Amino acid sequence: MQVADIAVRVEAGTIGREMHQFVTELYPICRSLTGDGVRETLRRIGQHIPLTIREVASGTEVFDWTVPKEWNIRDAYVKNSKGERVIDFRKHNLHVMGYSVPVRQKMLLNDLKAHLHSLPEHPDWIPYRTSYYNENWGFCLTHRQLLELKDEEYEICIDSSLENGHLTYGECYLTGETTEEILVSSHVCHPSLCNDNLSSISLAIAVAKRLKGTAHRYSYRFLFAPATLGPIVWLAQNEAQTARIRHGLILACVGDPGKTTYKKSRRGDAEVDRAVAHMLKHSGQDYQINEFSPWGYDERQYCSPGFNLPVGCLMRTPNGCFPEYHSSADDLEFVRAESLEDSFNKCVSILEVLENNYTYLNQNPKCEPRLGKRGLYRTMGGQAHATSNELAMLWMLNFSDGKHSLLDIAEKSGLPFPALRQAADALREHHLLKVQMPEVQIAGSAESASPAAAEKSSEKRS
Amino acid sequence: MQVADIAVRVEAGTIGREMHQFVTELYPICRSLTGDGVRETLRRIGQHIPLTIREVASGTEVFDWTVPKEWNIRDAYVKNSKGERVIDFRKHNLHVMGYSVPVRQKMLLNDLKAHLHSLPEHPDWIPYRTSYYNENWGFCLTHRQLLELKDEEYEICIDSSLENGHLTYGECYLTGETTEEILVSSHVCHPSLCNDNLSSISLAIAVAKRLKGTAHRYSYRFLFAPATLGPIVWLAQNEAQTARIRHGLILACVGDPGKTTYKKSRRGDAEVDRAVAHMLKHSGQDYQINEFSPWGYDERQYCSPGFNLPVGCLMRTPNGCFPEYHSSADDLEFVRAESLEDSFNKCVSILEVLENNYTYLNQNPKCEPRLGKRGLYRTMGGQAHATSNELAMLWMLNFSDGKHSLLDIAEKSGLPFPALRQAADALREHHLLKVQMPEVQIAGSAESASPAAAEKSSEKRS
Amino acid sequence: MQVADIAVRVEAGTIGREMHQFVTELYPICRSLTGDGVRETLRRIGQHIPLTIREVASGTEVFDWTVPKEWNIRDAYVKNSKGERVIDFRKHNLHVMGYSVPVRQKMLLNDLKAHLHSLPEHPDWIPYRTSYYNENWGFCLTHRQLLELKDEEYEICIDSSLENGHLTYGECYLTGETTEEILVSSHVCHPSLCNDNLSSISLAIAVAKRLKGTAHRYSYRFLFAPATLGPIVWLAQNEAQTARIRHGLILACVGDPGKTTYKKSRRGDAEVDRAVAHMLKHSGQDYQINEFSPWGYDERQYCSPGFNLPVGCLMRTPNGCFPEYHSSADDLEFVRAESLEDSFNKCVSILEVLENNYTYLNQNPKCEPRLGKRGLYRTMGGQAHATSNELAMLWMLNFSDGKHSLLDIAEKSGLPFPALRQAADALREHHLLKVQMPEVQIAGSAESASPAAAEKSSEKRS
C-alpha cells in the first residue's frame, strides 16, 4: 500500500468518527506548558502510535529561553461567604489561569476582581488565560458569573505547585525509504479546548497511524510538544538534524466547519506551499491561502530566520478568526467529525503530492514517441479532442526535461497531480520516462538521494 | 522593397481572392499521409513558388517512428442490393477512412456498421477519419445516410493500395542576408478540408511569393509536409541545422471568420511570441493568445523537449474549437477571402517585426541630444504634448542602451513597432543610433551575425 | 531633531501659508532660460536657504548642447492706430514669447497674426510660448483679445536683448553624516506660472530650510536650475560626482488641488520609487503612480541612459494634464496652501523612509528571542491578537536576516514604515537588532559606508 491509497481504503465517515472520539477522550485533561496533563496526553497518544517521550529539566537553557518550573494543579475555587464554590476548577479546566501560583487567602470582591477574567462580549463563555513567565494567579469565568458575584468576602484556593521538574514532549518517527524528513508538528499545551488544539493532535495521530502501514519515500517525524517552548527545545536539541527536513506542516484548528486555510512557510514558494496550493485548487471546495507572517503557531520558531524551514500551517479557521477561539466555546460541539475527516483527506493528499513529486527525464526527447505502438494511444485519427489520459502523457513527455517536477507540470497543465502521476507510471513502465538523478548529493542522506533507491521505490509502486 | 512594404503595395481584396482561388484549386485532391494526392498538391504549390520536393522511403526509421507504406486510392463505394452506390468516394473524398486497406466483399448491414462513421450531432456532415498505423478500413457518411441504410446485403469496394513507397514533402527556401532562419510550417495531409488545412497552405504560398521580391534579413524555410510524421522526418534529417532557426510559425486554420488565435511556443517568451502579441495588441481587433500545450499541430514535434524550437502557431479558430472541424462542413464556403487576407496581413506584420527587431545603441547617451538642431524637433516650446514622432524618438534614444531591442521598447512605451522603427531610421540617419554588435558569435552563422552586415542591411532600407 | 520630527513639530497650516507666500513673492518676476529673472529668483531663494549661485557663459559646450545667448527683456507691446497698448508686457509676463528677439516695426494685422498665439478653447487665458533655439519673436494673448484686433496697422515693440552672457543656476548643499546624496531638483525658468513651477521651488525651499535643523544621514543637494539645459549643464560639470547620488526627486506641479502623482525613475524599482509608493499607499489619500517615460521634466536628462540616476518625479496633477497648464490660468488662485502643505508633508515622509531604510541583522536569529523578559511583550497569554507594537517587533526580528531592508519589511508586512522603525529602535536598544555592514565599500564614500558611522548615527537617534 502507498500513501495515495490511504484515503481510498477507508470507508467514508470512519476516520472522522475515530478522530472525534479521540478529541473527546483528551478533552477533560488539564494540559499546560508543563506538567502531568501533558504527560497523560502523550501516554494516550502512545496507545495509538509509537511515541518516544522526552523530558527536559527546568532551568535548561535553550537559545534565548530557559525551561521554566513545572506546574501542576489539583484543585482551585473561589467560595462565597456561604461556603459555596462560585468558581470551581472541577467544573472546567479553564477556570484557573494557567501557571497560577498556589494561593490560599480571603479577599473582598474588589481586590479579587484584579484576578478575574471574563469576556463581556460573550457572557456565557469562559476565557483561556495563562501567565507562564510572570508569577501571578487568576480565575477565568463567564461574564454572567462575574456580574452575579456579591460584594462580600471570598475564600480563594489554588492548590497548585510550581517547582523544578520537566517540560515533556513526544516524537513519533516513521522510517521511510530515505532519511529525508517530513515534519508534522502539533502543540499539546492547551487544556479543554477542542479546535485549538485537540483537533490537530487527533489529525496527527490518524495520519501517523495509517502511514505506518504504507511504503513511503520520506521519513516522518510527528512532534507533539507544548507551543513555542516545545519547538524551541526540539530545535535546540536537534539543530544539526533540521537539514534533513524537506517539508513540514504545522497542524492547528482542523476540526471546525470553516473552509480550509493554509498559511505559507516563510519561504513562500517551498514545495510544501505549492503542494498544498495545488491540492486546494483541485479540492472543489472554497479555501484560503495566506502569506507567512510571524504571528500564529509554531511557524514562529520553525520559520525564524536562523532556521527558515519549509514549514507551513494547515488549518481550517485560523487562530483568532473564530469567536470561540481560546474560550470554553471551543468545545466538543464546535469540532465536527466531517470537518476532521475532510482535514485528514486533505492532509493525505498533500503527502501524496510530496511523496510522488519526482522529476522525470523523457528518454525519447526528440519529437513525440509513438505511443500508439505501445498501446497508449488511440488507433483511429481525426477526433477533435485528446482523451485525458493521452493529454496527461503528452504533458509528462513534453515537460520531463529535467527542469520540471511532476508538481511543476501539474501547475503548468492545470491537470490534477494524481492524473499526471498515473501517466508517469504508465510511461515509466514503457521506459519512456526515468526518474532524474539529483544533481547534488545531500550531506548525511547519501543513501536517500541515490537515484537507484528512487527508481526502486517507484518500481515497487507500479 | 522590404517586408514592411508587402501589405501596403497590394490592392485590398486581391490577395484574399488569390488565396481563396488556390484553396478551391486544391480542394478536390485526395491527400493523405503519403501518396499521389500529396505529390499533386506539392506540384501545384511549385507552380507558384520555388519548391524542392523530397521523398522518404517506407521503412525509414525516424526517431521513434518508421515511415509507413504509401497509400493510394482510386475508387471506393458501398452498393446496395439494387447496385446503387449508397456511399461513393467519387462524391466526396471524406467518404473513405484514410489509409483504408483494399476491400472487396459483401456484408450485411449489421456487420458493415462496425466500419461506418457518422456524426449524430451534425446529421448532414461527413466526418474525417484515418487509421494510419493500424490496418483497418472504413467509410464515413452523413448520419442521415446512415439512418437510411436498409437492413440488406451490401457490396463493399475499396480500391486502394498500401505498399512500399514514399512519404513526400516540399521545402521552399528563400535566401536572406543571413543564414539565420525563419521557419514557416504547414501540413499538407488533409483531404477535402478547407480551413484545416488548405487555408494555411494558401497563406504560406502567398507570403513566400511576396517575400521573394523583397530584401530580407532572415532566410526563410517554408515547409509543406504531412502532419506529425512530416516534421518528424524533417527534424531527423536536418537536426544539426535546427540551430539556425531563430523563429518559427506553424500556420493552421487561417481562413475561418473567427478572431485570430496565437498559441505560444513552449518557451512562452520567445521573440516570435512577443512579436505576435505586439502585433495583435495593436491590430485593433479582438484576439486570443493561448499558452503552449502539447496537443494541437506540429508544435508537438518542433517544441518537443529535445528541440524546443521557438515556434508558435498562428490560427484563427483553433483545431477542435469550431464545429465544422474535421468534417465535410469545413468546405469552400467556410473559409472566406477576407479572413484569408486578414491572416496574410497579420503574418506579414509579424515578419516585419522580426525582420526589424534590432537592438540599437544611443551614440549620445548622456542627456538628450539636441534634436532641434537636426530638424527633428519642434522649434517653439510650451505646448502640452509631444508629437508622436518626437515621442517615438525620445523612447528610442532613452532605451537604446544595448539592453532593449526595438520590440522591448515597443512593449515598454505602448507605441506601435512601425512608429518606433521609423524613429530609429531617422535617428540612425543622423548618427544618433547605431545597431548594436551581437555579443556572441553564433556558430555556423558568422557572416550573418556580423554587425557590418546588419548595418549594411539597415542602410539599404533607409 | 531628526527628519521624522519635521512634520510633527510644525503647526498645521503654517507651512502651507509660508509656501504660498513665497509663490506670491516670486510670481511677478519674468524668468526664462537665462537672464536677470532667474538671477533675481535665485537671490530671493538665497534669503531662505544657503545657496551657491553659478554662472555658465554663453557658447559653453555641454554634451550635445551649447549654452545660448542670454535673454533679457524690459518692455514689449503692440499699439493700435490710436497708440493704445492692445498687448502689453507690463500687464502680464506671458504676453511675450520667451526669447523673442528685439523688434520695432509697424505691421498690418494680417502680417502680425503669424506672430500671435492664443488658445481658442480657453478664450480668456494667455498661453505660454518660447523659442529658445530658433530666433523668432511673438506675442501671446487671450483669444478674446485676438478677435477684437481690428484690421489696421500696429506698432510693434519688443525691447529685449539677446547677447552673450550666462546661464545661471543655484545649489543648496546640506552636509549629512555621509557623502551619499539625495538630489532634489526644481526648474526655475518659468515666468508667471504658479503650479509649474513656483510651487516646486517653494516646496524645495521649505524642505531644505527644515532639514538644516535636523540630523540627517544623507547629504542633500537642492538644485534650482532652468529646465532641460540647467540639469544638462550640471550633469556635464559634475559627471564624476553623480555616483554619489543615491536617490533623487524632481519636484514639479505640487500646489494644485489634484491627487499626488509620482512618476517612477527609469529604473522603475529604485529605492526612491519604492519609498514613494509605500508612503502613498499609507497616506490614506487617493494617488497615482506612473511608469517612467522619456517625456516630462528633467528626468529626461537625469534618467538618460548614460546617467540612469534613481530620480523620480513628485507631482500632483502632472504636466499637460490640467487645462491651466502653461497658461495664465496657472495663477495664484490655482495653487492652494493646503495642497502645498500636503506635498510638503509627503515629501518629508519620503525622506524619512530613505533616511531610515537600514538593513538590520537579528542578533538572535534562531527561534524568537524572549521579548517578555525585556519588557517588550505581554505577560499574560491567551489573547486572540498581537498588539501592533508586538507585531512590528516580530516582523523586524523575523525578516532582519540581512536580505531585507526596513522598507522591504514594510512592504512585506503591510505595516507603516514609522511603526517598524520604532520597533527597530526598541529592538536595537536591547541589542536584538544591529545595522548590517554593507558588503561593498562605495568608492569615495568610505567614511559614509562604515557600519560604525551607521550605528553611531542611529544611536544618536534613539
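Residues numbered from 1 in each chain as written. Chains lettered and ligands numbered in written order. Predicted model: local features only at pLDDT ≥ 70, side-chain atom pairs only at ≥ 80, totals over all residues. Heavy atoms only, no water.

## With respect to the overall build of chain A
Logical step 1: Along its length, chain A carries 15 helices and 19 strands.
Logical step 2: With the principal axes as the frame, chain A shows a C-alpha extent of 90 × 45 × 35 Å.
Logical step 3: Once local pairs closer than 6 in sequence are excluded, the contacts in chain A between residues at least 24 apart make up 80%.
Logical step 4: For chain A, the exposed area adds up to about 17,500 Å²; of that, 48% sits on carbon and sulfur atoms.
Logical step 5: Across chain A, the mean location of the 51 positive side-chain charges is 5 Å away from that of the 58 negative side-chain charges. (Helix = DSSP H or I, 4+ residues; strand = E, 2+ residues; numbered from the N terminus. Contact = heavy atoms within 4.5 Å. Areas by Shrake-Rupley, 256 points an atom, 1.4 Å probe, with all protein chains shown as cover. Lys, Arg positive; Asp, Glu negative; His and termini not counted. Charge placed at Lys NZ, Arg CZ, Asp CG, Glu CD.)

## Quick notes on the relation of the copies chain A and chain C
Logical step 1: It takes a turn of 120° to lay chain A on chain C, together with a shift of 0.1 Å along the axis; the resulting RMSD is 0.1 Å. Both copies of the chain, as the preceding transformation shows, are related through a three-fold rotation axis. For chain A, the smallest separation between a C-alpha atom and the rotation axis is recorded for Asp-269 of chain A, amounting to 13 Å. (Least-squares fit on C-alpha atoms with pLDDT ≥ 70 in both.)

## Examining the packing of helix H8 (residues 271-281) of chain A against helix H12 (residues 406-413) of chain A
All names here are of chain A.
Logical step 1: Orientation of H8 relative to H12, taken along the N-to-C sense of each, is 40°, at an axis distance of 11 Å. With respect to each other, H8 and H12 are oriented oblique. The handedness of the crossing between H8 and H12 is left-handed. Contact with H8, carried on its side by Glu-271, Arg-274, Ala-275 and His-278, involves Leu-407, Asp-408, Ala-410 and Glu-411 of H12 and no other residues of that element.
Logical step 2: Here the residues of the contact of H8 with H12 sort into three nonpolar, one polar and four charged. (Axes fitted to C-alpha atoms, helices over the stretch in contact; angles between N-to-C directions. Parallel < 35°, antiparallel > 145°, perpendicular 65-115°, else oblique. Left-handed = near helix turned anticlockwise from the far one by under 90°. Nonpolar A, V, L, I, M, F, W, Y, C, P; charged D, E, K, R; others polar.)

## Let's talk about helix H13 (residues 417-429) of chain A
Logical step 1: In a regular helix each residue adds 1.5 Å, so 13 residues correspond to 18 Å; H13 of chain A covers 18 Å between its end C-alpha atoms and thus fits that length.
Logical step 2: Phi turns positive one or two residues past the end of H13 of chain A, at His-431 of chain A, with a value near 60°. (Expected span 1.5 Å × (residues − 1).)

## Notes on the interface of chain A and chain C
Logical step 1: With 29 residues of chain A in contact, the opposing surface of chain C contributes 27 residues.
Logical step 2: Taking both sides of the interface into account, the surface hidden between chain A and chain C amounts to around 2,500 Å²; carbon and sulfur atoms contribute 55%.
Logical step 3: By the criterion of area lost to chain C, the three top residues of chain A are Asp-64, Pro-294 and Trp-295 of chain A, representing 28% of everything that side buries.
Logical step 4: Between chain A and chain C we count five salt bridges in total.
Logical step 5: The salt bridge partner of Lys-366 of chain C is Glu-239 of chain A, with a shortest N-O separation of 2.4 Å.
Logical step 6: Between the two partners, chain A and chain C, sit 16 residue pairs in polar contact (both at pLDDT 80 or more).
Logical step 7: Counting residues per element, the ones that place at least two in the side of chain A that touches chain C are helix H7 (229-237) and helix H9 (299-302) of chain A. (Buried area = accessible area lost by both parts, 1.4 Å probe. Salt bridge = Lys/Arg side-chain N within 4 Å of Asp/Glu carboxyl O. Polar contact = N/O pair within 3.5 Å; in protein donor to acceptor, adjacent residues only side chain to side chain.)

## As for the sheet that holds strand E9 (residues 153-163) of chain C
Hydrogen bonding along the main chain pairs the strands of a sheet, whether they run parallel or antiparallel.
Residues and elements named next belong to chain C.
Logical step 1: Reading across from one edge, E5-E4-E9-E6 is the order of the four strands in this open sheet, with antiparallel pairing throughout. Taken across any chain shown, the strands that pair with only one partner, and hence form the sheet edges, are strand E5 (85-88) and strand E6 (103-108). For this sheet, the mean inter-axis angle between neighbouring strands, taken without regard to orientation, is 20°.
Logical step 2: Pairing geometry for E6 and E9, over six bridges, is antiparallel. Of the residues in E9, the one forming a bridge with Gln-105 is Ile-156. (Pairing = 2+ DSSP bridges.)

## Concerning helix H2 (residues 14-26) of chain A
Logical step 1: For H2 of chain A, with 13 residues, the first-to-last C-alpha span of 19 Å sits near the 18 Å given by 1.5 Å per residue.
Logical step 2: Those residues of H2 of chain A that are buried lie in contact with helix H3 (36-45), helix H6 (194-211) and helix H10 (337-356) of chain A.

## Notes on the packing of aromatic side chains
Residues and elements named next belong to chain A.
Logical step 1: Under the counting rule described, the total for this entry stands at 36 aromatic pairs over all chains.
Logical step 2: Here the aromatic rings of Trp-71 and Tyr-99 are separated by 5.7 Å at their centres, their planes lie at 25°, and the arrangement is stacked. Residue Trp-71 is found in strand E4 (residues 70-79), and its partner Tyr-99 is found in the loop between strand E5 (85-88) and strand E6 (103-108); the two are separated by 28 residues along the sequence. For the residue pair Trp-71 and Tyr-99, the accessibility class agrees, reading buried in each case. (Phe/Tyr/Trp six-rings, centres within 6.5 Å; stacked < 30°, edge-to-face > 60°. Buried < 20%, exposed > 50% of the residue type's maximum accessible area, 1.4 Å probe, protein only.)

## Some points on the confidence of the model for chain A
Residue and element names in this part refer to chain A.
Logical step 1: Residue-level pLDDT values for chain A average 94, and 94% of them are 70 or greater.
Logical step 2: Per-residue pLDDT stays below 50 along residues 440-462; that stretch engages in 32 contacts with residues further than four places along the chain or on separate chains.
Logical step 3: Model confidence for the complex is summarised by a pTM of 0.92, with the ipTM given as 0.93. (pLDDT = per-residue confidence, 0-100.)

## Quick look at the pattern of salt bridges
Logical step 1: Under the defined criterion, the tally for this structure stands at 99 salt bridges over all chains.
Logical step 2: Notably, a salt bridge pairs Arg-421 of chain B with Glu-352 of chain B, separated by 3.5 Å at the nearest N-O pair. Pair noted here: Arg-421 of chain B is in helix H12 (residues 417-429) and Glu-352 of chain B is in helix H9 (residues 337-356), with a separation of 69 residues, a long-range link.
Logical step 3: Relative accessible area serves as the criterion here: at 9%, Arg-421 of chain B is assigned to the buried category.
Logical step 4: Lys-263 of chain C is the partner of Glu-299 of chain C in a salt bridge, and the nearest nitrogen-oxygen pair spans 2.8 Å. Residue Glu-299 of chain C is found in helix H8 (residues 299-302), and its partner Lys-263 of chain C is found in strand E14 (residues 260-263); the two are separated by 36 residues along the sequence.
Logical step 5: Residue class for Glu-299 of chain C comes out buried when judged on its relative accessible area of 3%.
Logical step 6: Lys-263 of chain C gets classed as buried once you look at its relative accessible area, which sits at 7%.
Logical step 7: A network of salt bridges, in which partner residues are shared, links Glu-25, Glu-40, Arg-43 and Arg-44 of chain A.

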